[in-house]
Amino acid sequence: MSTPRLVEVRKNVLKQNDVIARALRERFCRESVFVVSLVSSPGAGKTAFLETTLMLLRENYRVAALVGDLATENDAVRLARSQAPVKQITTGTLCHLEAAMVQTALEGWDTGKLDFLFIENVGNLVCPSSYDLGENLRLVLMSVTEGEDKPLKYPTIFNSADVAVITKMDLAAAVEFNETAALANIQAVRPGMKVFEISAKSGQGMEDYFNYLAACQDDLKAMEQVESKS
Amino acid sequence: MHELSIAMSIVDMAEEEARMRNAKIAAVHLRLGLLSGVVKDALLSCYGMACTGTPLEGSKLLIEEVPVEIFCAACQAPRVLSSMQWFCCPECGTPSAAVVHGKELEVSALEIEQ
């Protein structure tokens, strides 16, 4: 047998996902819908946070959500209480969402009629970090009950996200949450990262977060206007 | 644990290259960044499974790990991180979120037998 020959290839393994994600991002941008994805460990409070977000943002914006879970439609049922359009993506045994699942879930939806689309990923701090979903903003959530060193244990997901949200702040005193340590740990793995400290239950910090989202949506609209003129 | 689906994507990609070149693949070279979210050992153990029943069966997966490199604005130079828990320039200590390398998940080369 001949000796093996080495040929250079240089191909991204996740190319297929990235191509779909890029197409989604272009579509969202064209339609001026600002897309926010949420990642966290199971139980960090993504759904409660999203429920409050949908409920309150609905007053001034057109909002919708996709929620990923391994099984059950429970989260979609819960979020539907906000009256916003919600669709569940059931992944079976898959531990993360991929761009193609978002694309399929959006079939039949006129996303051009939305201001915000939220995508709640499967509760997992490892796998979702590798997959671009075409979102404009990725939020990583950690709750005060999880321990201040979460960012140090999962630097990759914090690095793939744009903004960190510390949830369940209403429990901070009860669990002796060390805010200084948590913020320092976030900055250690992602220098300059914006952080919101919130409680979906008490409403603490939610206004700052909404103002931030509103500014993001304004920027997107302004960008689209500039592009459509050119 | 998404390494099996990653391994299957690698096999699909290599299979297509093999078909195009009408060749047999002896080994796949992969560049794996420490920030890619993929674990080397898990990927290696899934690879054999993903190859079963495909033309890649019996081929090797050779992984080159790519360290995390940031760009230090103070030094005006790329620097390799000394720790994944400290995104700061190892020379001057300036924090940096500008990741230059470390997210790679790329098939870099194939060893083929014609």
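Residues numbered from 1 in each chain as written. Chains lettered and ligands numbered in written order. Predicted model: local features only at pLDDT ≥ 70, side-chain atom pairs only at ≥ 80, totals over all residues.

**Here we look at the overall build of chain B**
Turning to step 1, where the next piece is worked out: When helices and strands are tallied, chain B shows two helices and six strands.
Turning to step 2, where the next piece is worked out: Traced from its N-terminal end to its C-terminal end, chain B shows the element sequence α-β-α-β-β-β-β-β.
Turning to step 3, where the next piece is worked out: A compact globule built from 114 residues would reach a C-alpha radius of gyration of about 13 Å, whereas chain B, at 17 Å, exceeds it by more than 25%.
Turning to step 4, where the next piece is worked out: Principal-axis analysis of the C-alpha atoms gives chain B an extent of 50 × 30 × 15 Å.
Turning to step 5, where the next piece is worked out: The buried share among the 114 residues of chain B stands at 34%.
Turning to step 6, where the next piece is worked out: Counting only contacts in chain B whose residues sit at least 6 apart along the sequence, the fraction spanning at least 24 positions is 69%. (Helix = DSSP H or I, 4+ residues; strand = E, 2+ residues; numbered from the N terminus. Rg over C-alpha atoms; globule rule 2.2 N^0.38 Å. Buried ≥ 20, exposed ≤ 12 C-beta atoms within 10 Å, placed from the backbone. Contact = placed C-beta atoms within 7 Å.)

**Notes on the nonpolar core**
Turning to step 1, where the next piece is worked out: Membership of the largest hydrophobic core comes to 70 residues, with the highest contact counts inside it found for A:A65, A:F116, A:V140 and A:A164.
Turning to step 2, where the next piece is worked out: Every residue in contact with A:A164, bar those within four places of it in the chain, is listed here: A:V140, A:M142, A:F158, A:I186, A:M193 and A:V195.
Turning to step 3, where the next piece is worked out: Counting residues in each nonpolar core, the second largest holds 24 residues, with A:L14, B:L30, B:C46 and B:A50 among its members. (Core = buried A, V, L, I, M, F, W, Y, C linked by C-beta atoms within 7 Å.)

**Things to note about the pairing of strand β2 (residues 34-39) of chain A**
Residue and element names in this part refer to chain A.
Turning to step 1, where the next piece is worked out: Burial runs high along β2: six of the six residues are buried.
Turning to step 2, where the next piece is worked out: Across the two faces of β2 the burial is the same, with F34, V36 and L38 and V35, S37 and V39 all buried.
Turning to step 3, where the next piece is worked out: Taken together, the five bridges between β2 and strand β5 (residues 116-120) define a ladder with parallel strand orientation. For S37, the partnering residue across the bridge sits in β5 and is I119. (Pairing = 2+ DSSP bridges.)

**So, the pairing of strand β1 (residues 24-33) of chain B**
Residues and elements named next belong to chain B.
Turning to step 1, where the next piece is worked out: As judged from the eight bridges shared by β1 and strand β6 (residues 105-113), these two strands associate in the antiparallel manner. Directly across from V28, in β6, lies its bridge partner L110.
Turning to step 2, where the next piece is worked out: The sheet contact formed by β1 and strand β2 (residues 60-66) spans seven bridges and is parallel. Its bridge partner lying in β2, G33 is registered against V66.

**Re the sheet that holds strand β3 (residues 69-72) of chain B**
Residues and elements named next belong to chain B.
Turning to step 1, where the next piece is worked out: Spatial strand order, β4-β3-β5: three strands in an open sheet with antiparallel pairing. Of all strands in the sheet, those bounded by a partner on one side alone are β4 (77-80) and β5 (99-101). Across the sheet, the mean angle from the axis of one strand to that of its neighbour is 40°, orientation sign disregarded.
Turning to step 2, where the next piece is worked out: The pairing of β3 with β4 spans four bridges and is classified as antiparallel. Looking across to β4, one finds that F71 is bridged to P78. (Axes fitted to C-alpha atoms, helices over the stretch in contact; angles between N-to-C directions.)

**Some thoughts on the sheet that holds strand β1 (residues 5-12) of chain A**
Within a sheet, neighbouring strands are paired by backbone hydrogen bonds and run either parallel or antiparallel to one another.
Turning to step 1, where the next piece is worked out: Strands sit in the order β1(A)-β6(B)-β1(B)-β2(B) across an open sheet of four strands; the sheet is mixed. A single partner strand is all that each edge strand has here, and the edge strands are β1 of chain A together with β2 of chain B. Taking each pair of neighbouring strands and ignoring which way they run, the sheet shows an average axis angle of 20°.
Turning to step 2, where the next piece is worked out: Set on the sheet, helix α2 (residues 40-51) of chain B makes contact with β1 and β2 of chain B; between it and β2(B) the angle comes to about 165°.

**Quick look at the interface of chain A and chain B**
Turning to step 1, where the next piece is worked out: In this assembly, 28 residues from chain A lie in contact with 31 residues from chain B.
Turning to step 2, where the next piece is worked out: When contributions to the side of chain A that touches chain B are tallied by element, the ones reaching two or more residues are β1, α6 (155-160) and α7 (179-189) of chain A.
Turning to step 3, where the next piece is worked out: Top contributing element to the side of chain A that touches chain B by residue count: β1(A), with eight residues.
Turning to step 4, where the next piece is worked out: When the residues that make up the side of chain A that touches chain B are grouped by side-chain class, the tally is 15 nonpolar, eight polar and five charged. (Nonpolar A, V, L, I, M, F, W, Y, C, P; charged D, E, K, R; others polar.)

**Things to note about the confidence of the model for chain B**
Turning to step 1, where the next piece is worked out: Averaged over every residue, the pLDDT of chain B is 95; the share at 70 or more is 99%.
Turning to step 2, where the next piece is worked out: Scoring the predicted complex yields pTM 0.92 and, for the interface, ipTM 0.88. (pLDDT = per-residue confidence, 0-100.)

**Focus on the packing of helix α1 (residues 3-21) of chain B against α2(B)**
All names here are of chain B.
Turning to step 1, where the next piece is worked out: Interaxial distance between α1 and α2 falls to 8 Å at its minimum, and their mutual angle equals 55°. Overall, the two elements α1 and α2 adopt an arrangement that is oblique. The element α1 and its partner α2 pack so that their crossing is right-handed. The segment α1 lies against α2, with E3, L4, I6, A7, M8 and V11 engaging A42, L43, C46, Y47, M49, A50 and C51.
Turning to step 2, where the next piece is worked out: Of the residues that constitute the contact of α1 with α2, the class distribution is twelve nonpolar, no polar and one charged. (Parallel < 35°, antiparallel > 145°, perpendicular 65-115°, else oblique. Left-handed = near helix turned anticlockwise from the far one by under 90°.)

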